[in-house]
Amino acid sequence: MSEKTSEKIIKAILLDPQITIAELANLTGVTTRSVERNIGSLRKAGRLTRSGPDKGGHWEVIVDKIH
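Read on for an overview of the structure.

Comments concerning the overall build of the protein chain
Part 1 of the argument: Each helix and strand counted, the protein chain has three helices and two strands in total.
Part 2 of the argument: When the elements of the protein chain are put in sequence order from the N terminus, they spell out α-α-α-β-β.
Part 3 of the argument: In terms of C-alpha radius of gyration, the protein chain reaches 11 Å, essentially the compact-globule figure of 11 Å for 67 residues.
Part 4 of the argument: The C-alpha extent of the protein chain, read off along each of the three principal axes, is 35 × 25 × 20 Å.
Part 5 of the argument: Scored against the burial criterion, the 67 residues of the protein chain give a buried share of 28%.
Part 6 of the argument: Taking the contacts inside the protein chain whose residues are at least 6 apart along the sequence as the reference set, 33% of them involve residues at least 24 apart.
Part 7 of the argument: Counting only carbon and sulfur atoms, one obtains 52% of the accessible surface of the protein chain, whose full area is about 4500 Å².
Part 8 of the argument: Both charge centroids of the protein chain, one from 11 positive and one from 8 negative side chains, sit 7 Å from each other.

Remarks on the pattern of salt bridges
Part 1 of the argument: Tallied over the full model, the rule gives two salt bridges.
Part 2 of the argument: One salt bridge connects Arg47 with Glu7, and the closest N-O pair in it is separated by 3.1 Å. In this pair, Arg47 sits in the loop between helix H3 (32-44) and strand E1 (48-51) while Glu7 sits in helix H1 (residues 5-15), placing the two residues 40 residues apart along the sequence.
Part 3 of the argument: Looking at Glu7, the relative accessible area reads 23%, which means it is partly exposed.
Part 4 of the argument: In this structure, the salt-bridge partner of Arg33 is Glu36, at a minimum N-O distance of 3.6 Å. Linking Arg33 with Glu36, this pair stays in helix H3, spanning three residues, or about one helical turn.

Focus on H1
Side chains three or four residues apart in an α-helix point the same way, a direct result of the helix having 3.6 residues per turn.
Part 1 of the argument: Buried within H1 are the following residues: Ser6, Ile9, Ile10, Ala12 and Ile13. Buried positions in H1, seen along its axis, are confined to an arc of 165° and lie on one side of it.
Part 2 of the argument: Buried positions along H1 lie against helix H2 (21-28), H3, E1 and strand E2 (58-61).

Criteria and cut-off values
Residues numbered from 1 in each chain as written. Predicted model: local features only at pLDDT ≥ 70, side-chain atom pairs only at ≥ 80, totals over all residues. Heavy atoms only, no water. Helix = DSSP H or I, 4+ residues; strand = E, 2+ residues; numbered from the N terminus. Rg over C-alpha atoms; globule rule 2.2 N^0.38 Å. Buried < 20%, exposed > 50% of the residue type's maximum accessible area, 1.4 Å probe, protein only. Contact = heavy atoms within 4.5 Å. Areas by Shrake-Rupley, 256 points an atom, 1.4 Å probe, with all protein chains shown as cover. Lys, Arg positive; Asp, Glu negative; His and termini not counted. Charge placed at Lys NZ, Arg CZ, Asp CG, Glu CD. Salt bridge = Lys/Arg side-chain N within 4 Å of Asp/Glu carboxyl O. Arc of directions from axis to C-beta.

What follows is the structure, given as structure tokens:
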């Protein structure tokens, strides 16, 4: 069974907190819109947050929420 897209996104962000939506889409093999939906779900679930501005900011994985 393949790894879920959301888990691929979390792992990629842990490796590079400044990764872009486009880079995540390329890495996971899904559309940018799909990545945006997954990030929205992760943020709503409290597993991911964004710090700083859209340009130059970074993602933060909420460690205690990782399964």
